[in-house]
Amino acid sequence: MRPTSRNSKPGCRGRSHFIESGLMTPAFAQLSHAGRGLAVYGDAEASLEINGTDHLRLLGFRPGEQLPMLWSLLNRLDDRIENFAHQQVKNKILNKNKP
C-alpha cells in the first residue's frame, strides 16, 4: 500500500478536513517546523504523521462495525514501516563495514 498524497503544509481547509476525518491530530495541524509530513493512504483509509509530537503516528477512523478491518489495515502499515526501518538499519550497517 502506498501513500496517495504527501503533504508537509496542507492548507487550512485541508487541515480541518483531515482533523474531522480522524486522519490528523489537532496538535500536528498546529505544528510548522521543517521535516514534518503527512501521508494519507488509499482513499483516506489511514494516515501517517511524521515528526509531529511523536516520530511516527498511524491514524485511522472507522465506524464501530468496521473496527476489525481498520485494525488489520493499521497493523499491515505498521509492519511495512517496521520492515522499512529494519532494512535501513541493515543497509547502514553493511555500508559502514565497507572499506
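Quick summary incoming for the structure in this document. (Residues numbered from 1 in each chain as written. Predicted model: local features only at pLDDT ≥ 70, side-chain atom pairs only at ≥ 80, totals over all residues. Heavy atoms only, no water.)

### Quick word on the overall build of the chain
This is how it is decided: In DSSP terms, a helix is any run of H or I states spanning at least four residues, a strand is any run of E spanning at least two, and both are numbered starting from the N terminus. Each residue is assigned to one of three classes by its accessible area relative to the maximum for its type, calculated with a 1.4 Å probe on protein chains only: buried under 20%, partly exposed between the two thresholds, exposed over 50%. The criterion used for residue contact is that any of the two residues' heavy atoms lie within 4.5 Å. Each accessible area is a Shrake-Rupley result for a 1.4 Å probe, and residues are judged covered by the shown protein chains and nothing else.
When its secondary structure is counted, the chain shows 3 helices and 4 strands. In the chain, the succession of helices and strands from N to C terminus is β-α-α-β-β-β-α. A total of 99 residues make up the chain; the buried ones form 22% of that total. A sequence separation of at least 24 residues applies to 37% of the contacts in the chain between residues at least 6 apart. When the accessible area of the chain is evaluated, it comes to approximately 7,200 Å², of which 55% is carbon and sulfur surface.

### Overview of the pairing of strand S2 (residues 37-41)
Rule in force here: Two strands form a pair only when DSSP identifies at least two bridges running between them.
Of all the 5 residues making up S2, 5 are buried; the element is thus mostly covered by neighbouring parts of the structure. Residues of S2 alternate between two faces, with Gly37, Ala39 and Tyr41 on one and Leu38 and Val40 on the opposite face, all of them buried. The sheet contact formed by S2 and strand S3 (residues 46-50) spans 5 bridges and is antiparallel. When the sheet's bridge partners are listed, Gly37 is paired in S3 with Ile50. Counted between consecutive antiparallel strands, the loop separating S2 from S3 contains 4 residues, among which Gly42 sits at a positive phi close to 55°.

### Thoughts on the side chain of Glu49
This is how it is decided: Counted as positive: Lys and Arg. Counted as negative: Asp and Glu. His and the chain ends are not counted at all. Salt bridges are counted wherever a side-chain nitrogen of Lys or Arg sits within 4 Å of a carboxyl oxygen of Asp or Glu.
Within the secondary structure layout, Glu49 lies in strand S3. One buried charged residue, Glu49, remains without a salt bridge, the closest side chain of opposite sign being Arg57 at 4.3 Å. Those residues within four positions of Glu49 in sequence are excluded, and the remaining contacts are Met24, Thr25, Phe28, Gly37, Leu38, His55, Leu56, Arg57 and Leu59.

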